[in-house]
Amino acid sequence: MEVCFLRGLLLVALTAVALGDDGQVTFVSELSSKPAQKLSKYGWYGNVRLQRFHIPEETAIARWLFSVTKGHSFHCGQHNVTIHIRWGAPPVINPIDLVFPNATLWVPSLSLTLPVTSHSSTTFNLSNPAPGTWYIAAHLPEDDGRIEQKGFPSCSYFFQPQLSIRRAVDTPILQHGTVLQQTTAPDRPARLKLYVPAFASSLSVSVADCSSGEGADSGNCSLVLKLGSSSLQQGPVTVNCSGNGCSAALSSPPWDTWLRVVVESSQDNRTVTFSIVSNYTVGCKPQSVGLKADDDINKLRGNSSHTNSTSAGNSSLSTDAVALNNESASLLTPLLASACVWSVPVLYEEVDVLSLRFTPVNGPNVSVTNTNPTLLTYPLHTQATGGTLNLQLTLNTTNVNLGNSSSVVACLSQWAPVLELNHSQPCRTGLFGGYGLHVNASVPKAVVRLPFPQSTTWYLTLQLTCNSSDCGNTSVVSVVPEVFVSACVEDCGTYGECRLLRSYSYLYSACVCKAGWNGWGCTDDSTAQSYRHQLTATLLLTISNLFFLPAIVVAIKRCYITEASVYLFTMFFSTFYHACDQPGIAVLCIMDYDALQYCDFLGSVCSIWVTILCMARIRDTFKYALFILGALLIAMSMQLDRKGLWNLLGPILCALLIMVTAWVYRGVRRRHCYPPSWQRWVLYLIPGALCALIGVCLYIFTETEDNYYYTHSLWHILVATCVVFLLPPKEKGREALGWSRGWKWSWSWRPRVCGYTLCESGKDELYTVT
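Bear in mind that the values here come from a model prediction, so they are computed numbers and not experimental data.

Trainee: What is the right way to read the sheet that holds strand S20 (residues 342-344) from this model?
Mentor: To summarise the sheet geometry, strands pair through backbone hydrogen bonds and adopt either a parallel or an antiparallel arrangement. One open sheet holds the five strands; their spatial order is S20-S24-S29-S26-S27, and the pairing between them is mixed. Pairing within the sheet leaves two strands with one partner each, and these edge strands are S20 and strand S27 (435-439). Neighbour-to-neighbour, the strand axes of the sheet open up by a mean angle of 25°, direction not taken into account. Judged from the five bridges that link them, strand S26 (residues 406-414) and S27 form a sheet pairing that is antiparallel. Note on S27: the bridge partner recorded for Leu412 is Tyr435.

Okay, structure coming up:
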């Protein structure tokens, strides 16, 4: 759920006078704020902090305040925070200049850089912003690859965006063919709006009868006429007026929307009065389908049965679809005789999260002619802008032989279609650019992918074009337009994983790459790891766990069977966890990844716990009770926060406290240092402690993504080696593979059984020397 603090209307905030029909234009102020979020270094799109702001219609000025605050007081140096702004969809960014997948098109968004030391802020002002949803993305510079352990203090920065707007609540409406008298001044531009209906092919706005009422040049306009809003990628159409008037024209204006008109005066300290009028032309409409909806219901039923049928039924339905398409192609000629464009109905299907499919109702094949364009409409809602819009156009050459001089030209545009297609006509509407592609006999397939498409209605226009005026015998061809929304580009390929991300209630997706691959779709192999490198990393991380075998042998030889079992558990699950945790294709998973990770972390901490308690040399009753209690508490903490710092430090500190207490108690009682032998200190305890200390330093301070496979392997070797050094010698009175005789009763592996109880010699117990 979106969080908006401070959102209100200040009804008497600003007032400006525009001499329209009856008075004044009133401006109100609206404020909105988002909570501060912790920034991350950029490695992939999941490190970006994404926020959304809604700008209503008739907004005159939008001002963003971007604040960045450092989270800790220690010196972190100066970092640059990069802020990206885009209208209609999340910004597509490429801060480290990586390669995009083939046929993937994108437009760079506006980027701001904010240097930060302790606290910094900047503002960004935008006049006449486009209404709708605006997206703000922020991140720190490129990730250096260092692996930071959770819980240790680090440099943190928090980013908070806020928005203030001024919105007009009673903007005059410029109606078709109606002349309005308006007044503008340098500090008070005239603001109007007009409605553009669907199927409008052109729009013109004219300014005339300019008069400033002062001096000889009172009839000189010196005005600036602007049509449209500012979306950062595309600005409004601007015309500088001189003389008595001027006019601004748009071909293919945006359909079914309100268009902003602003007239500014460039004369200092002068108020200019003028008249303004708008006209639009509806040049082309498809044939009306009427109000009867029975045919549409039957088509929906057909699609439902097609989805739920068996493979045999699918074949028959596909044949029916081809027959239906052939029937529609036969009806195409008389239909186009009465309509200048053929509009194909499209079925909108929601398949999954960020997964949509658009299917022509009459079948996958769409007929295209050289006389009139074919139009398909694809409405794209806000929930689908977090994915990738895919268009694949395939020429059906089964029954038609298309010459080399002929091709099918297509234009995918937003807000309005381009209804005049040829090789010289650009794929562009009056205010927005489009994406053009073509197919012919030599190139029968074309693909376009648009990551994070804008939320609007998209239009696909198709038309057959020939180099000569006559296409000969081929006047109608068939193409298959496949339009769908997917979460990621080609599911991120072999070396990537498509992740679903969330910013409050808004969902979007991005690829996280592995094995050195990078890019928007994990197709950039400039730093990719070879198979030999991946295999080496896997072998190092798994075989290094075999260094626990000496620790297991030493533990068994010294009759520490429980400790040896824990080491065996740790070695087994650490080996197979790292075999499953590899980023490339040299991977082996014997069970669920999460289960392997849990067992590896649990076994590692329990190994440290039992080793230190074993060094404490406490009574077996307390030692095994602490083993069980510690294992249960460690298992609980691992479930709560597996990578938390205190999950490792807590058991270590508790075990060390118990060991130091036991050693101090023995030293005070015996009145000399414990352990008493200097050989024990020099040859075992100090080398073991050094191995443990070096291993911890490697684990915490030196691991990066590049050196992980050998630094973590050294961690395995050092930890296993320190266990060999730190395990205490065999206790006196402890039999091989048996229990200690320090208890009141002993239990060997071959006891004498008296009925249902174990028997022992009371005389032997009496004369036992302890």
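There's more to say after this.
Trainee: Whenever I open this one, unusual backbone geometry confuses me. Can you help?
Mentor: Glycine aside, residues mostly have negative phi angles, and peptide bonds mostly take the trans form. In this structure, Pro675 follows Tyr674 across a cis peptide bond, with omega equal to -5°. As for its placement among the helices and strands, Pro675 is situated in the loop between helix H9 (646-670) and helix H10 (678-702).

Trainee: Please explain H9 as it appears in this structure.
Mentor: For an α-helix, 3.6 residues make a turn, and residues three or four places apart therefore share a direction. Here H9 contains 25 residues, and its C-alpha end-to-end distance of 35 Å stays within 8% of the 36 Å for a straight helix at 1.5 Å per residue. Buried within H9 are the following residues: Asn647, Gly650, Pro651, Ile652, Ala655, Met659, Ala662, Trp663, Arg666 and Gly667. Structurally, H9 contributes buried residues whose contacts are with helix H7 (593-616), helix H8 (620-640) and H10. Just beyond H9, the residue with positive phi is Arg671, at close to 65°.

Trainee: Explanation requested: the state of the cysteines in the structure shown.
Mentor: Such a bond, covalent and formed between the sulfur atoms of two cysteines, is termed a disulfide. Tallied over the full model, the rule gives six disulfides. The disulfide partner of Cys241 is Cys246, and the S-S distance across this bridge is 1.7 Å. A sulfur-sulfur distance of 2.0 Å marks the disulfide that ties Cys488 to Cys498. Measuring handedness by torsion sign, the sulfur bridge of Cys488 and Cys498 sits at about 80° and is right-handed. Residue Cys488 is found in the loop between strand S30 (476-486) and strand S31 (496-503), and its partner Cys498 is found in strand S31; the two are separated by ten residues along the sequence.

Trainee: It is not clear to me how the pairing of strand S32 (residues 506-513) should be interpreted in this structure. Could you clarify?
Mentor: The side chains of a regular strand alternate, first on one face of the sheet and then on the other. With six of eight residues buried, S32 lies mostly within the body of the structure. Where S31 lies against S32, eight bridges are found, and the strand directions are antiparallel. For Gly496, the partnering residue across the bridge sits in S32 and is Cys513. In this structure, the hairpin formed by S31 and S32 is closed by a connection of two residues, where Tyr504 is found at a positive phi of approximately 60°.

Trainee: Looking at this structure, how should I read the sheet that holds strand S19 (residues 272-281)?
Mentor: Read from one edge of the open sheet, four strands run S12-S19-S14-S17, paired in antiparallel fashion. Two strands close off the open sheet at either side, each with one partner strand: strand S12 (180-184) and strand S17 (246-251). Going from strand to strand, the sheet's axes swing by 25° on average, the running direction of each strand aside. Looking at chain direction, strand S14 (residues 202-211) and S19 are connected through eight bridges and run antiparallel. Directly across from Val205, in S19, lies its bridge partner Ser278.

Trainee: Would you mind showing me how to read a nonpolar patch on the surface here?
Mentor: Residues Tyr531, Leu535, Leu539, Ile543, Leu546, Leu549 and Ile585 make up a contiguous nonpolar surface patch of roughly 620 Å² in combined accessible area. It is helix H4 (residues 531-543) that provides the largest number of residues to the nonpolar patch, a total of four residues. Mapped onto the elements of the fold, Leu549 is located in helix H5 (residues 548-557). A residue is classified by how much of its surface remains accessible, and Leu549, at 39% relative accessible area, is partly exposed.

Rules behind the numbers
Residue numbers restart at each chain and count upward from 1, following the sequence in its written direction. Only residues with pLDDT of 70 or above have their local features reported here, since the model is predicted, and side-chain atom pairs are shown and tallied only from 80 upward, although totals for entire chains, interfaces and linings are computed over all residues. In computing side-chain values, all of the structure's heavy atoms are included and hydrogens and water are not. Only strands that DSSP links by at least two bridges are regarded as paired with each other. For the purposes of this entry, the term helix denotes a DSSP run of H or I that reaches at least four residues, the term strand denotes a run of E that reaches at least two, and both are numbered from the N terminus. For helices, the axis comes from a line fit to the C-alpha atoms of the stretch in contact; other axes are also lines fit to C-alpha atoms, and the angle between any two N-to-C directions lies between 0 and 180 degrees. By definition here, a helix of n residues has an expected span of 1.5 Å times n minus one. Throughout, exposure labels follow a simple rule: accessible area from a 1.4 Å probe, protein chains only, divided by the maximum for the residue type, with under 20% read as buried, over 50% as exposed, and the rest as partly exposed. Should any heavy atoms of two residues lie within 4.5 Å, those residues are counted as being in contact. A pair of sulfur atoms, both from cysteines and within 2.5 Å, is called a disulfide here. Think of a patch as exposed residues, more than 30% relative accessible area, with no salt bridge, where like charges cluster within 9 Å and nonpolar side chains (Val, Leu, Ile, Met, Phe, Trp, Tyr) cluster within 5 Å. We get accessible surface area from the Shrake-Rupley algorithm with a probe of 1.4 Å; when it comes to residues, only the shown protein chains can shield them. Whenever a carboxyl oxygen of Asp or Glu lies within 4 Å of a side-chain nitrogen of Lys or Arg, that contact is scored as a salt bridge.

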